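# Structure assessment
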Amino acid sequence: MAHSTPMPAESPRNVRGLFTGFVSGSLSVVVRGSRGYHLWVLALLAVIANGAFAYRQQLLYGLITTGMRDAVSWGFYIGNFAYLVGVAAAAVVLVIPAYLYQWKPIQEVVLFGEIMAISAIVMCIAFVTIDIGRPERIWHLAPLVGNPNFPYSLLVWDILVLSSYFLLNYFVVSYMVYKGYTGQHYSQRLVLPLIFLSIPVAIGIHTVTAFLFMGLKSRDFWHDAILAPRFISSAFCSGPALMVIVFQVVRRSYGLQISDAALRKIGELLAYAMAINLFLLGSEVFTGFYGRTAHTVHADLQWFGVHGLHSVAVYTWAALACNSVAFLVFLVPTLRARLPLLSIACLLAAAGVYVAKGMGLLLPGMTPDTLGEFYAYEPTRIELSIGAGVWALGILLFTLMSRVAIAVNRGELRHGAGPPDPRLDRGTWR
């Protein structure tokens, strides 16, 4: 992010005035724009409203409106949660080359990776909240007023690391954008330690999420030490893949200077991550089938289907096909150098991990249940509507935050520079 000559120290009154100007200027940026921008925001708001209405139905009638039952008590919501935790953690893939190795092309886009992490964490919290049948009782997890059972409760650990990661990214993004607005240099002694701290915390949020699955001893399919490394490796596939797509949309929509070298470098990193992800998947398949036990039924369900339940096998093979084709493109330098091919591979990788980490992970672990019952779970219209609303909320947050960051970066939102240009959009938004 560009910075001008440092300004002299301000009095507390002037600091309050600067902050007020920053907030009002940011609001002006997000409410102004072209017709395409307003239609995009209105479409997201409509999906959010539809999701809110569906959630109201769920609150009125209970979780019976979903496809979940006692046999399969985790479904579409938790599948999205597991996927989005990985998207949030994947910001580390940009942080390491940008700040540890000072690679300039990645430094140009790392802020948007952190904004994506913030949006993903908000969606994670929303999916966990809507999965709770009585969300008003969540205060029991609060310290002092509730009984969080810390440090024994893995759920409390998950809340702790998610909140910490959210606060780290939110502070860094807000601080750097605000400093850009005031025309001041940001303090590296303040920012860099927080950025480096976010690296182990990012690993921690996905590790603890994996522990939530692994800690359920009665679910043999998840009771596997390799699950946490698989969660992390798949996260480093899905998150950066989404970033490549989003960065190209941002570049085309706003005319932002994002170099092709940065996108191709992310594609190279995806080759390593996908190779590890597929290797760990192969290790799990070998363990599940070579030494057949009574618990191999879960692997049979995952790959071939049992008792007429074949939907999970369809998910699994579709995810494997997507990830394998994407890996081939990432692996071959001449293929990933072509941005259209790289974009297709990223879409396949994001979709493959989404399916594998969602229904492909949850249903084999839940089916058969601890009593041997086979239940065919499918998400209902209520679940799909609520899920779409949560995704629209996250996309809206990313859109608005990125819009402010871009305006500051270009000098269109700057202290003393007058009102922001209402024609902030470029490219396809015009």
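Residues numbered from 1 in each chain as written. Predicted model: local features only at pLDDT ≥ 70, side-chain atom pairs only at ≥ 80, totals over all residues. Heavy atoms only, no water.

Here we take up the overall build of the protein chain. Tallying secondary structure elements over the protein chain gives 16 helices and zero strands in all. Here the C-alpha radius of gyration of the protein chain, 23 Å, is about what a compact globule of 430 residues would show, namely 22 Å. Projected onto its principal axes, the C-alpha coordinates of the protein chain cover approximately 70 × 55 × 40 Å. In the protein chain, which comprises 430 residues, the share counted as buried stands at 50%. Total accessible area computed for the protein chain in this model is approximately 19,800 Å², and 68% of it derives from carbon and sulfur atoms. Averaging the coordinates of the 29 positive side-chain charges in the protein chain and doing the same for the 20 negative ones gives two points 12 Å apart. (Helix = DSSP H or I, 4+ residues; strand = E, 2+ residues; numbered from the N terminus. Rg over C-alpha atoms; globule rule 2.2 N^0.38 Å. Buried < 20%, exposed > 50% of the residue type's maximum accessible area, 1.4 Å probe, protein only. Areas by Shrake-Rupley, 256 points an atom, 1.4 Å probe, with all protein chains shown as cover. Lys, Arg positive; Asp, Glu negative; His and termini not counted. Charge placed at Lys NZ, Arg CZ, Asp CG, Glu CD.)

Bringing the pattern of salt bridges into the picture now. Per the stated rule, a full pass over the model turns up six salt bridges. The salt bridge partner of Glu284 is Arg230, with a shortest N-O separation of 2.8 Å. Of this pair, Glu284 sits in helix 10 (residues 260-290) while Arg230 sits in helix 9 (residues 227-254); the two residues are 54 residues apart in sequence, bridging distant segments of the chain. For the pair formed by Glu284 and Arg230, the shared burial category is buried. One salt bridge in this structure joins Arg292 and Asp300, with 2.9 Å as the shortest N-O distance. (Salt bridge = Lys/Arg side-chain N within 4 Å of Asp/Glu carboxyl O.)

A few words now on the confidence of the model for the protein chain. Across the protein chain, pLDDT averages 87, with 93% of residues at or above 70. Within the protein chain, the lowest mean pLDDT, 73, falls on helix 5 (residues 104-107), and the highest, 96, falls on helix 2 (residues 35-61). Here residues 1-9 scores under 50 on pLDDT; set against residues more than four positions off or in separate chains, the count is 25 contacts. For the stretch residues 419-430, pLDDT sits under 50, and the model shows 37 contacts to residues farther than four places along the chain or on other chains. (pLDDT = per-residue confidence, 0-100. Contact = heavy atoms within 4.5 Å.)

Moving on to the packing of aromatic side chains. On inspection of all chains with the given rule, the structure shows 18 aromatic pairs. Centre to centre, the rings of Phe166 and Tyr170 are 5.7 Å apart; their planes meet at 15 degrees, and the pair counts as stacked. Of this pair, Phe166 and Tyr170 both sit in helix 7 (residues 154-182), four residues apart, which is roughly one turn of the helix. According to the relative accessible area criterion, Tyr170 is partly exposed, its value standing at 42%. For the pair Phe289 and Phe304, a centre-to-centre distance of 5.8 Å together with 65 degrees between the ring planes defines the contact as edge-to-face. One end of the pair, Phe289, is in helix 10; the other, Phe304, is in the loop between helix 11 (296-303) and helix 12 (311-331), and 15 residues separate them in sequence. Over the ring of Phe231 we find Lys357, and its NZ or CZ is 5.2 Å from the ring centre. (Phe/Tyr/Trp six-rings, centres within 6.5 Å; stacked < 30°, edge-to-face > 60°. Lys NZ or Arg CZ within 6 Å of the ring centre and 35° of its normal.)

A contiguous nonpolar surface patch, about 420 Å² in accessible area, is contributed by Phe150, Leu154, Trp157, Leu160 and Phe211. Sort the elements by how many residues they give to the nonpolar patch and helix 7 lands first, with three residues. Its location among the elements puts Trp157 in helix 7. (Patch = residues over 30% accessible without salt bridge, like charges linked within 9 Å, V, L, I, M, F, W, Y side chains within 5 Å.)

Orientation of helix 7 relative to helix 8 (residues 188-214), taken along the N-to-C sense of each, is 150 degrees, at an axis distance of 9 Å. With respect to helix 8, the axis of helix 7 lies roughly antiparallel. Every pair of crossing elements has a handedness; the one defined by helix 7 and helix 8 is left-handed. Of the residues in the contact of helix 7 with helix 8, the class split is 22 nonpolar, four polar and one charged. (Axes fitted to C-alpha atoms, helices over the stretch in contact; angles between N-to-C directions. Parallel < 35°, antiparallel > 145°, perpendicular 65-115°, else oblique. Left-handed = near helix turned anticlockwise from the far one by under 90°. Nonpolar A, V, L, I, M, F, W, Y, C, P; charged D, E, K, R; others polar.)

What follows concerns the state of the cysteines. Here the structure, examined in full by the defined rule, presents zero disulfides. No disulfide involves Cys237; its nearest neighbouring cysteine sulfur is the one of Cys346, lying 10 Å away. Owing to a relative accessible area of 0%, Cys237 belongs among the buried residues under this scheme. (Disulfide = S-S within 2.5 Å.)

In this model helix 12 runs 30 Å from its N-terminal to its C-terminal C-alpha over 21 residues, within 8% of the 30 Å that 1.5 Å per residue would give. Taken as a whole, helix 12 has its buried residues at Val312, Ala313, Thr316, Ala319, Asn323, Ala326, Phe327, Val329 and Phe330. (Expected span 1.5 Å × (residues − 1).)

Another aspect to go through is the side chain of Thr399. Examined against the element boundaries, Thr399 turns out to sit in helix 16 (residues 381-409). Note on Thr399: relative accessible area 10%, which makes it buried. Here the side chain of Thr399 touches Trp40 through a polar contact of 3.3 Å, side chain to side chain. Ignoring anything within four residues of it in the chain, the contact list for Thr399 reads Tyr37, Trp40 and Leu44. (Polar contact = N/O pair within 3.5 Å; in protein donor to acceptor, adjacent residues only side chain to side chain.)

Quick look at empty space enclosed by the protein now. What the rule picks out here adds up to one cavity of 30 Å³ or more. By volume, the largest cavity amounts to about 300 Å³. Surrounding the largest cavity, 23 residues form its lining, Arg230, Leu281, Gln302, Ala356 and Lys357 being those nearest its centre. Among the secondary structure elements, those contributing two or more residues to the lining of the largest cavity are helix 9, helix 10, helix 11, helix 12, helix 14 (339-357) and helix 15 (359-366). Here the lining of the largest cavity is built from residues that sort into twelve nonpolar, seven polar and four charged. (1 Å grid on protein atoms, 1.4 Å probe; cavity = no way out; pocket = protein on both sides within 12 Å on 5 of 7 lines; lining within 4 Å. Points joined across faces, edges and corners; volume = space filled by probe spheres on them.)

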